[in-house]
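Working through the structure, step by step
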Amino acid sequence: MAETNVTMEKIVALAKQRGFVYPGSAIYGGLANSWDFGPLGAQMRMNIKTDWWKRFVESRPDMVGLDGAILMNPRVWEASGHVAGFSDPLVEDVKTHKRYRADHLIEEATGESVDGWSLDQIAGKLKELELKSPEGNALTEPKAFNLMFETAIGKTEESKANVYLRPETAQAIFVNFKHVLDSTRKRIPFGIAQIGKAFRNEITPGNFIFRTLEFEQMEIEYFIEEEGWEAHIEKWADDMEAWAESIGIDGDRLHRLEVPEESLAHYSKRTIDFEFAFPFGTKELWGLAYRTDFDLGNHQEHSGENLRYVDPNDNTRKIVPHVVEPSMGVDRTLLAVLLSAYDEEEVNGDKRVVMRFKPHMAPYQIAVLPLSKKEELQAGARPVFEALAPHWRVDYDETQSIGKRYRRQDEIGTPYCVTVDFDSLEDKAVTIRDRDTMEQVRVPIAELERWFAEKLSI
Ligand code: GAP
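This write-up is about the structure you can find in this document. (Residues numbered from 1 in each chain as written. Predicted model: local features only at pLDDT ≥ 70, side-chain atom pairs only at ≥ 80, totals over all residues. Heavy atoms only, no water.)

Before going further, it helps to examine the side chain of Thr-271. Within the element layout of this structure, Thr-271 appears in strand 12 (residues 270–278). Among the polar contacts listed, one links the side chain of Thr-271 to the side chain of Ser-268, at a separation of 2.7 Å. Setting aside anything within four residues of it in sequence, one finds Thr-271 in contact with Leu-257, Glu-258, Val-259, Leu-264, Leu-288 and Ala-289. (Helix = DSSP H or I, 4+ residues; strand = E, 2+ residues; numbered from the N terminus. Polar contact = N/O pair within 3.5 Å; in protein donor to acceptor, adjacent residues only side chain to side chain. Contact = heavy atoms within 4.5 Å.)

As enumerated under the stated definition, the model contains 23 aromatic pairs in all. Seen in terms of ring centroids, Tyr-222 and Trp-236 are 5.3 Å apart; in terms of plane orientation they differ by 70°. Their pairing is edge-to-face. Separated by 14 residues along the polypeptide, Tyr-222 in strand 10 (residues 214–224) and Trp-236 in helix 9 (residues 229–246) bring together distant segments of the chain. Neither Tyr-222 nor Trp-236 differs from the other in exposure class; each is buried. Cluster of aromatic residues (ring-pair linked, three or more members): Trp-52, Trp-53, Phe-56, Tyr-222, Trp-236, Trp-243, Phe-274 and Trp-286. Seen from the ring of Phe-37, Arg-45 lies directly overhead, with NZ or CZ sitting 4.2 Å from the centre. Across the ring face of Tyr-406, the terminal group of Arg-433 is positioned such that the distance to the ring centre comes to 4.5 Å. (Phe/Tyr/Trp six-rings, centres within 6.5 Å; stacked < 30°, edge-to-face > 60°. Buried < 20%, exposed > 50% of the residue type's maximum accessible area, 1.4 Å probe, protein only. Lys NZ or Arg CZ within 6 Å of the ring centre and 35° of its normal.)

Each pair of packed helices can be described by the angle between their axes along with the distance between the axes. Interhelical geometry of helix 12 (residues 375–388) versus helix 15 (residues 448–455) gives an angle of 45° and a closest axis separation of 10 Å. Here helix 12 is positioned oblique relative to helix 15, judged by the angle of their axes. The handedness of the crossing between helix 12 and helix 15 is right-handed. Residues Val-384, Ala-387 and Leu-388 of helix 12 form the contact with helix 15, whose participating residues are Leu-448, Glu-449 and Phe-452. Along the lines of polarity and charge, the residues of the contact of helix 12 with helix 15 split into 5 nonpolar, no polar and 1 charged. (Axes fitted to C-alpha atoms, helices over the stretch in contact; angles between N-to-C directions. Parallel < 35°, antiparallel > 145°, perpendicular 65-115°, else oblique. Left-handed = near helix turned anticlockwise from the far one by under 90°. Nonpolar A, V, L, I, M, F, W, Y, C, P; charged D, E, K, R; others polar.)

Next up on the list: the site of the ligand. Taken together, 20 residues sit near the ligand, with Glu-168, Arg-200, Glu-219, Glu-284 and Leu-285 positioned nearest. Leu-285 places a main-chain nitrogen or oxygen 2.6 Å from an oxygen atom of the ligand. A distance of 2.9 Å separates a nitrogen atom of the ligand from a polar atom in the side chain of Glu-325. Contact with the protein chains covers 92% of the free accessible surface of the ligand, which is 550 Å². If you list the elements that add at least two residues to the shell around the ligand, you get strand 10, strand 13 (281–292) and strand 16 (322–329). Considering every element that reaches the shell around the ligand, the biggest residue donor is strand 13, with 5 residues. Along the lines of polarity and charge, the residues of the shell around the ligand split into 6 nonpolar, 5 polar and 9 charged. (Near = heavy atom within 4 Å. Areas by Shrake-Rupley, 256 points an atom, 1.4 Å probe, with all protein chains shown as cover.)

On the surface, Ile-70, Leu-71 and Ile-153 cluster together to form a nonpolar patch covering roughly 230 Å² of accessible area. Inspection of the secondary structure assignment puts Leu-71 in the loop between strand 3 (63–66) and helix 3 (75–79). (Patch = residues over 30% accessible without salt bridge, like charges linked within 9 Å, V, L, I, M, F, W, Y side chains within 5 Å. Salt bridge = Lys/Arg side-chain N within 4 Å of Asp/Glu carboxyl O.)

Glancing now at helix 12. The end-to-end C-alpha distance of helix 12 is 20 Å, a good match for the 20 Å that 14 residues give at a rise of 1.5 Å each. Turning to helix 12, its buried residues number three or more, namely Leu-377, Gln-378, Gly-380, Ala-381, Val-384 and Leu-388. For helix 12, the angular spread of buried residues about the axis comes to 165°, placing them on one side. Turned more than 90 degrees from where helix 12 packs its buried face, Glu-375 and Glu-386 sit exposed. The elements touched by buried residues of helix 12 are strand 19 (366–370), strand 20 (394–396), strand 21 (416–420), helix 14 (422–427) and helix 15. (Expected span 1.5 Å × (residues − 1). Arc of directions from axis to C-beta.)

On to the packing of helix 5 (residues 102–110) against helix 6 (residues 119–129). Across the interface, helix 5 lies against helix 6 with an axial gap of 10 Å and an inter-helix angle of 45°. Taken together, the axes of helix 5 and helix 6 are oblique relative to one another. Crossing of helix 5 against helix 6: the hand is left-handed. Note on element contacts: helix 6 touches helix 5 through Ile-122, Lys-125, Leu-126 and Leu-129, opposite Ala-102, Asp-103, Ile-106, Ala-109 and Thr-110. Per-class residue counts for the contact of helix 5 with helix 6 are 6 nonpolar, 1 polar and 2 charged.

With 20 residues, helix 2 (residues 39–58) should cover 28 Å at 1.5 Å per step; its first-to-last C-alpha distance of 26 Å lies within 8% of that length. What helix 2 keeps buried is the set Leu-40, Gly-41, Met-44, Arg-45, Asn-47, Ile-48, Asp-51, Trp-52, Phe-56 and Val-57.

Here it is in structure tokens:
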């Protein structure tokens, strides 16, 4: 596994320079904490999502997928508890008007958690500690700040209806539970998976793509009988860890945290956070919650619809299923994969930066490089690209010296470079360079597809 010589400065700079992540709206001076994913970042997000979907949906008979709408009837968020309870305690610097999480300020000052405290308790503690803003100014009284973004549907002021941008993808799954059950005939235990954007008006976004206002989630609601929920949560925890390892997240930097009762989300009876040692601190990468029958029960009550599940072995037994929820952010996953892959080493007195991605996560798996821009080499290299590109993600690069191109491919984590040289025109063979070992082998062009099929199968 890669050395932990990585810093956020190095990752942010490499991400921008090589086209993984750019600051959002940059030509207009940017928009704080918004990020755009460049060619390589877009590809890696796709790789992460495709692999997740393959592993947790396509490979399992007990899982199906869903793609719900971002805008939902506002009553969904009343039933889910988000209108009443999805808030953080906000204070404002009276001079600069910068906003802070009051709980974080107290925790930083005392080193103790104030999770589960009421606003009054937090206000009392702020007074007792005589806390000021980081700029040394007085703070406003704390108020509950709901994290949901509100927007309006409708043409005129009078006719418009307020709706929320979803703060989690999960609710579309609960709302469609009965549809999926009726249309697929699935029996519990079974799960519904969804990948999609979520939005939160975070008071303190930051740390690159770690905490943003707009992000993407990969969520599963796994419907179960209440009895035996503990075994399901253990199994899912193992499955999540196994996936982390399979996509190259450094296991030494990942651990489970049993979330204390007072810190549990309003819907959860037990939560395991998967924390990752980011350069800015050890923080939540993913969550796994036992949401009981909280959501389906509430939606049944608020909507008046019957969301019970009929036991196929006993038609008289009707239950509201319980739920175990593995929830993973695409953006944090990408960040953990980037940080885990980053490595530096010295080669012939020079620093070599290598992203040691697993081949199925790498933006490109192969780079085809004619030794120079000479026409006959281009003519030799293009058919090689064309033969490989239908099967793998292949870059084609004929700029700069071959040494510089190797370094560039190392920095973007391409596992193999295929060099077409003058000998290739004669012996119909190419040189393949391995990213990690830098060893080179000569392989006949006719055997390339078989060679890579062996190396790049997962
Ligand atoms: N449905 C449960 C749920 O949303 P959560 O712990 O609030 O639980 C799940 O979010 C995951 O979504 C987190 O573990 C993280 O990976 C990602 N996530 C949450 N808020 C985020 C933010 N502001 N920016 C980036 N990712 C975020």
